[in-house]
Amino acid sequence: MRSPATLRRLGILGMNQRNGDYISLYNERRFYPLVDDKLKTKQLAMAAGIATPELYGVVEIEHQIRDLDTLLGHHREFVIKPAQGSGGNGIMVIAGRRGAQFVRASGVSVSRGELEHFISNILSGMYSLGGLPDKAIIEYRVQPHSVFDAVSFQGVPDIRTIVFRGVPVASMVRLPTRQSDGKANLHQGAIGAGIDLASGHTVDGVWFNSVLDAHPDSGHAVRGIQVPDWDALLELSARSYDLTRLGYLGVDVVLDRNHGPLVLEYNARPGLNIQLANQMGLLNRLEKVRALETIPESAGERVALGKRLFGQ
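This text gives an overview of the structure that appears in the document.

Each value, and the rule that gives it
Residues numbered from 1 in each chain as written. Predicted model: local features only at pLDDT ≥ 70, side-chain atom pairs only at ≥ 80, totals over all residues. Heavy atoms only, no water. Helix = DSSP H or I, 4+ residues; strand = E, 2+ residues; numbered from the N terminus. Rg over C-alpha atoms; globule rule 2.2 N^0.38 Å. Buried < 20%, exposed > 50% of the residue type's maximum accessible area, 1.4 Å probe, protein only. Contact = heavy atoms within 4.5 Å. Areas by Shrake-Rupley, 256 points an atom, 1.4 Å probe, with all protein chains shown as cover. Lys, Arg positive; Asp, Glu negative; His and termini not counted. Charge placed at Lys NZ, Arg CZ, Asp CG, Glu CD. Phe/Tyr/Trp six-rings, centres within 6.5 Å; stacked < 30°, edge-to-face > 60°. Lys NZ or Arg CZ within 6 Å of the ring centre and 35° of its normal. Pairing = 2+ DSSP bridges. Axes fitted to C-alpha atoms, helices over the stretch in contact; angles between N-to-C directions. Left-handed = near helix turned anticlockwise from the far one by under 90°. Nonpolar A, V, L, I, M, F, W, Y, C, P; charged D, E, K, R; others polar. Expected span 1.5 Å × (residues − 1). Arc of directions from axis to C-beta.

## Section: the overall build of the protein chain
- Secondary structure assignment for the protein chain yields 10 helices and 13 strands.
- Since a compact globule built from 312 residues should have a radius of gyration of about 20 Å, the 20 Å found for the protein chain is in line with a globular shape.
- Split into buried and exposed, the 312 residues of the protein chain put 50% on the buried side.
- Counting contacts in the protein chain only where the partners sit at least 6 residues apart, residues at least 24 apart contribute 62% of the total.
- On the protein chain, roughly 14200 Å² of surface is accessible, and the fraction owed to carbon and sulfur atoms is 50%.
- Here the protein chain contributes 34 positively and 32 negatively charged side chains, and the mean placements of these two sets differ by 4 Å.

Below, the structure is given as structure tokens:
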């Protein structure tokens with residue numbers, strides 16, 4: 001185990017310092033509801049012209065569950081998730097229908113009654129922050145871009161970018177594995193692969209606390225993959241600062257094969273595993289941006305600044 005002095009020398013940002021020096025100073029609490037509630041986030045993004053998965057409908061109270069067929073319309077594939085969920089919990093992905101049954105992405109069939117029960121659990125607050133009553137969001141099922149097919153086990157990879165004062169400072173792609181059950185959450189067993197800000201190429205990968213160079217299920221290299229639409233993805237992330245007014249922000253984007261980069265959600269308290277994935281400390285990068293006397297107004301100029309300061 002490395003000493004605190006060694007970690008400081010390497011520029012590793014710890015949880016206490018993240019909370020005290022960045023989140024508490026740069027994230028006003030009055031803006032938290034904009035990102036903690038995924039429905040508010042989506043509505044805000046849509047109004048600002050920021051691309052997100054299409055919203056099919058919202059179930060807010062129990063009796064609306066009976067109108068599910070009307071709400072779904074012709075859609076055979078969709079995702080149901082809690083508006084105030086966290087950690088990837090409470091999400092059901094429906095990949096099609098088999099007769100009267102719904103079919104999950106894993107191939108398991110779900111009856112209409114089971115689907116209604118799942119939505120009812122969301123409304124009760126089973127998956128929400130603090131266990132408070134919640135809403136169920138029903139939205140477009142993302143069709144993952146093929147670029148990550150060889151290094152992803154089912155599920156949808158997503159790209160997390162840390163944006164500080166509107167400037168992208170670090171990115172990683174989270175790749176589902178068999179152990180994570182197709183989810184892109186690192187604590188559940190997904191891989192985090194760092195991304196060079198300047199080029200959009202993946203660099204090192206980390207699985208739990210171990211550095212790796214190949215996906216544990218497919219054996220394909222995780223290093224050297226060019227992320228498509230890289231500049232557009234970074235600009236979406238930078239624009240998200242203008243939308244949320246949160247100075248220290250995690251932006252999660254998915255790459256859809258039909259619609260390109262789509263913002264999935266925002267995080268006012270993004271974790272620190274992005275340091276492991278990139279094999280670098282965040283502290284020096286954040287301090288460079290903090291020391292700037294002026295920050296460009298336009299998202300495009302802030303992206304150029306981040307690429308120039310932190311590209312490899």
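## Observations concerning the packing of aromatic side chains
- Within this structure, the stated rule accounts for 7 aromatic pairs.
- Relative to Tyr248, the ring of Phe164 has its centre 6.4 Å away and its plane inclined at 70°; by these criteria the two rings are edge-to-face. Highlighted residues: Phe164 in strand E7 (residues 158-164) and Tyr248 in strand E12 (residues 248-256), separated in sequence by 84 residues. Both residues of the pair, Phe164 and Tyr248, count as buried.
- Measuring from centroid to centroid gives 5.7 Å for Trp207 and Phe208, while their planes differ by 35°, and the two rings are tilted.
- Among the aromatic residues, those joined into a ring-pair cluster are Tyr22, Tyr26, Phe164 and Tyr248.
- Directly above the aromatic system of Tyr241 lies the positively charged group of Arg245, at a separation of 5.0 Å from the ring centroid.

## Topic: the pairing of strand E2 (residues 78-82)
- Along E2, 5 of the 5 residues are buried, which leaves the element largely enclosed by surrounding structure.
- What you see with E2 is no split at all: Phe78, Ile80 and Pro82 on one side and Val79 and Lys81 on the other are buried throughout.
- Of the pairings in the sheet, the one linking E2 to strand E3 (residues 92-98) comprises 3 bridges and is antiparallel in character. Bridge assignment links Val79 to a residue of E3, and that residue is Val93.
- Pairing of E2 with strand E6 (residues 136-139) involves 4 bridges; the strand directions are antiparallel. Bridge pairing in E6 links Val79 to Glu139.

## Some remarks on the packing of helix H7 (residues 230-244) against helix H10 (residues 299-310)
- The N-to-C vectors of H7 and H10 enclose an angle of 115°; their axes lie 9 Å apart at closest approach. The handedness of the crossing between H7 and H10 comes out as right-handed. Residues Asp231, Leu234, Glu235, Ala238, Arg239, Tyr241 and Asp242 of H7 form the contact with H10, whose own contacting residues are Ala299, Gly300, Arg302, Val303 and Lys307.
- Tallied by class, the residues present in the contact of H7 with H10 amount to 5 nonpolar, 1 polar and 6 charged.

## Focus on helix H6 (residues 112-124)
- In a regular helix each residue adds 1.5 Å, so 13 residues correspond to 18 Å; H6 covers 19 Å between its end C-alpha atoms and thus fits that length.
- Listed as buried for H6 are Leu115, Phe118, Ile119, Asn121, Ile122 and Leu123.

## A look at the environment of Arg285
- Mapped onto the elements of the fold, Arg285 is located in helix H9 (residues 283-290).
- Spatially, the C-alpha atom of Arg285 lies 9.4 Å from that of Gly306, the residues being 21 residues apart in sequence.
- Excluding residues that lie within four positions of it along the chain, Arg285 makes contacts with Val169, Ala170, Leu197, Met280 and Phe310.

## A closer look at H9
- Of the positions making up H9, those classed as buried are Leu283, Arg285, Leu286 and Val289. Angularly, the buried residues of H9 cover 165° about the axis, an arc narrow enough to put them on a single face.
- Where H9 is buried, its residues touch helix H2 (15-26), E7, strand E8 (167-175), E12 and H10.

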